[in-house]
Amino acid sequence: MFTDSHTHLYDEQLTTDERQIERAIKAGVTKMYMPNCDSGTIAGMLQMADKWPGNCMPMMGLHPCYVKGNYNDELAVVVEWLAKRKFYAVGEIGLDYYWDLTYKKEQTEAFERQIDMALQYGLPIVIHSRESTAECIDIVRKKQNGKLNGIFHCFSGTMDEAQQIVGLGFYLGIGGVVTYKKSTLPDIIIAIPLAHIVLETDAPYLAPVPYRGKRNESSYIPNIAQKVAEIKNVSIEEVALATTTNCAHLFQNK
């Protein structure tokens, strides 16, 4: 059994094909965790969660790329939803210094406030850290009170950053990028024990080889697991067990 720790199942590229869920389950990917983006994605995400309650697990949060001038209103929506139904994490949250730095200061404030929400509710956080891994690590370190945990989603940092993340009690989210020829992830995966790794697709983005350049989906998790198994010279069953156990422990969904 596999777990996809990060998949945008409600994305319009995926909702046109609901067989994607059936394909994932058939491939052994029985749990799929859905990060939220902003108030506009909540309805679609919860619709998937309600239709597939044992398989599609929702998170609540404001994605850094969606932090704009109305970010206080968006954070109020996150607060409102966290109070009225079960979510498995606060996510995806963090910093994105790749696309637009207009709201850099607001991104930091939104990130810190949502970490506080996660601590209030005893939930893990799922971190988006594009071109900002060091900054995200610094904020997590500042907020770490011994109760904060989560995932650095789509990890793409250095060996030193990977070791800092693990030292802070967080997992590395490993996806399709690990299968790409020029990826630097194999060296990191060799050094980091499976106890600190979870698998993800970030569907519909970043499809693994041999689907690179096409629409990604959760059923491709075994392709990622196979590559991790080859890098670590273990069986795919060992990767499946370890990463699924890690997710169960993190999301308190045993």
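Criteria and cut-off values
- Residues numbered from 1 in each chain as written.
- Predicted model: local features only at pLDDT ≥ 70, side-chain atom pairs only at ≥ 80, totals over all residues.
- Heavy atoms only, no water.
- Pairing = 2+ DSSP bridges.
- Helix = DSSP H or I, 4+ residues; strand = E, 2+ residues; numbered from the N terminus.
- Axes fitted to C-alpha atoms, helices over the stretch in contact; angles between N-to-C directions.
- Buried < 20%, exposed > 50% of the residue type's maximum accessible area, 1.4 Å probe, protein only.
- Right-handed = clockwise from strand over helix to strand, strands pointing away.

Novice: Even after reading the chapter, I still don't get the sheet that holds strand β5 (residues 125–130), so can you show me in this structure?
Specialist: Sheet strands pair by backbone hydrogen bonding; their relative direction is either parallel or antiparallel. Here we have five strands laid out as an open sheet, ordered β4-β5-β6-β7-β8, and parallel in their pairing. Across the chains shown, the open sheet's two edge strands, defined by having one partner strand only, are β4 (90–96) and β8 (197–199). Ignoring strand direction, the axes of neighbouring strands in this sheet form an average angle of 30°. Here three bridges tie β5 to strand β6 (residues 150–152), and the two strands are oriented parallel to one another. Bridged to Ile125 within β6 is Gly150.

Novice: Teacher, can you tell me more about the pairing of strand β7 (residues 170–174) here?
Specialist: If a strand is regular, its side chains alternate between the two faces of the sheet. When you tally the buried positions in β7, you get five out of five residues, the bulk of the element. Examined bridge by bridge, β6 and β7 share three bridges and lie parallel to one another. From the neighbouring strand, Ile151 faces β7, where its bridge partner is Tyr171. Crossover β6 to β7 through helix α7 (residues 159–167) is right-handed. Pairing of β7 with β8, which is carried by three bridges, proceeds in the parallel orientation. Bridge assignment links Ile174 to a residue of β8, and that residue is Leu199. Read from β7 through helix α8 (residues 185–191) to β8, the crossover connection turns out right-handed.

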